[in-house]
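Chains, contacts and geometry: an overview
Single-letter residue listing:
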Amino acid sequence: MKIRCIAVDDEPLALDLISNFIERTSFLSLEAKFDNAIEALGHLNQHEIDLVFLDIQMPDLSGMELARIIDGKRNPATPRIIFTTAYNQFAVEGYKVDALDYLLKPFSYEEFLKASTKAYRFFDQQKRQNTEKIGQEVSSDYIFLKVEYQLVKVMLQEITHIEAYKDYVKVYLINKKNPLLSLTSMKNMEELLPKEKFMRVHRSFIINLDHIDSVARNIIHIGEHQIAVSDNYKEAFANFLGKWLG
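Rules and cut-offs
Residues numbered from 1 in each chain as written. Predicted model: local features only at pLDDT ≥ 70, side-chain atom pairs only at ≥ 80, totals over all residues. Heavy atoms only, no water. Helix = DSSP H or I, 4+ residues; strand = E, 2+ residues; numbered from the N terminus. Buried < 20%, exposed > 50% of the residue type's maximum accessible area, 1.4 Å probe, protein only. Contact = heavy atoms within 4.5 Å. Areas by Shrake-Rupley, 256 points an atom, 1.4 Å probe, with all protein chains shown as cover. Pairing = 2+ DSSP bridges. Axes fitted to C-alpha atoms, helices over the stretch in contact; angles between N-to-C directions. Arc of directions from axis to C-beta. Polar contact = N/O pair within 3.5 Å; in protein donor to acceptor, adjacent residues only side chain to side chain. Salt bridge = Lys/Arg side-chain N within 4 Å of Asp/Glu carboxyl O.

1. Describing the overall build of the protein
- Broken down by element type, the protein carries 7 helices and 15 strands.
- By residue count, 43% of the 246 residues in the protein fall in the buried class.
- Pairs at least 24 residues apart make up 52% of the contacts formed inside the protein by residues separated by at least 6 positions.
- Here the protein has roughly 14,100 Å² of accessible surface; of this, 48% comes from carbon and sulfur atoms.

2. Details of the sheet that holds strand β15 (residues 225–228)
- Here we have 3 strands laid out as an open sheet, ordered β13-β14-β15, and antiparallel in their pairing. Every other strand in the sheet has two partners, leaving β13 (214–216) and β15 as the edge strands with one partner each. Neighbour-to-neighbour, the strand axes of the sheet open up by a mean angle of 25°, direction not taken into account.
- Relative to strand β14 (residues 219–222), β13 runs antiparallel, the two sharing 3 bridges. Across the sheet, Ser214 pairs through a bridge with His221, a residue of β14.

3. A closer look at helix α2 (residues 37–46)
- Within α2, the full set of buried residues consists of Ala37, Ala40, Leu41, His43 and Leu44. Viewed along the axis of α2, the buried residues span an arc of 160°, placing them on a single side of the element.
- Here α2 starts with a cap whose side-chain oxygen sits 3.2 Å from the backbone nitrogen of Ile38, and that cap is Asn36.

4. A closer look at the sheet that holds strand β4 (residues 80–85)
- With parallel pairing, the 5 strands of this open sheet are ordered in space as β2-β1-β3-β4-β5. Each edge of the open sheet is held by one strand with a lone partner, namely β2 (28–34) and β5 (101–104). Strand-to-strand twist across the sheet, computed as the mean angle between neighbouring axes with direction ignored, equals 20°.
- Note that strand β1 (residues 3–8) and strand β3 (residues 51–54) share 4 bridges and pair parallel. Within β3, the residue paired with Ala7 across the bridge is Phe53.
- Contacting β1, β2, β3 and β4, helix α1 (residues 12–24) crosses the sheet at an angle of about 160° to β2.
- Sitting on the sheet, α2 is in contact with β1, β2 and β3, with an inclination near 155° to β1.

5. Focus: the pairing of strand β12 (residues 205–208)
- In β12, alternate side chains face the same way, and those of Phe205 and Ile207 on one face and Ile206 and Asn208 on the other are all buried.
- Pairing of strand β11 (residues 198–202) with β12, which is carried by 4 bridges, proceeds in the antiparallel orientation. Bridge pairing links His202 to Phe205 in β12.
- Count of turn residues in the β11/β12 antiparallel hairpin: 2 residues.

6. Focus on the environment of Lys33
- With respect to the helices and strands, Lys33 occurs in strand β2.
- For Lys33, a relative accessible area of 43% puts it in the partly exposed group.
- Each C-alpha atom, one on Lys33 and one on Val52, is 9.7 Å from the other, the two residues being 19 residues apart in sequence.
- Ignoring any residue separated from it by four or fewer positions in sequence, one finds Lys33 in contact with Ala7, Leu15, Asp16 and Ser19.

7. Comments concerning the pattern of salt bridges
- Evaluation of the coordinates by the stated rule reveals 9 salt bridges.
- The partner of Arg4 in a salt bridge is Glu48, with the nearest N and O atoms 3.7 Å apart. Of this pair, Arg4 sits in strand β1 while Glu48 sits in the loop between α2 and β3; the two residues are 44 residues apart in sequence, bridging distant segments of the chain.
- Classification of Arg4 as partly exposed rests on a relative accessible area of 23%.
- On the accessibility criterion, Glu48 (41% relative accessible area) is partly exposed.
- We note a salt bridge from Lys197 to Asp210, for which the minimum N-O separation is 2.9 Å. Of the two residues, Lys197 sits in the loop between α6 (186–192) and β11 while Asp210 sits in the loop between β12 and β13, which places them 13 residues apart along the sequence.

Structural data, given as structure tokens:
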């Protein structure tokens, strides 16, 4: 999991240091950096960002004022904040806007990493909760999948097959050129889908049994797609075919 970040600080040396710390941290991704909060706000209005490393004392629009604007728009996609400041008197206000942490300048990389790890745990827990929520949104006819920042209703009969893709799955649908990309696991999908209709035939593939066009030498044909049945799943798939072969 990569956490998309921006850094905001009107002090060039501090901004460079924080940016360097972000780039050194494997689970953080520096999307942009700004020397003023107004430009940062413009970027946040146009891009999806997870975490803001935010200085407080800045001209025109302070970091705390920016934080209040962000907090006032709270929704599942609202970025979270780690304050970076030389003034400890803002700590209480920082927690009022639900900041994840508060780094007091000058801080070391060890302190930065500790705060960033706290953020990672927060987003990881949020991801798990979203997965559990998806698992609860199910009926005999449809499921809800998290696609980007929304839940999309998908009719089960329209799913032809599902393919693993890094931390995501690709869900292929009838008459849709491009698959849906959902942030969930194959294991979660396997548990979510009704077993009488869907079968895992490979570490990377789940198929809708109703959409099989043909099978030859352990290769399943679904439309223009060819899916190999791996050794671990051959017995279960053979049992399914056996019902038709008598």
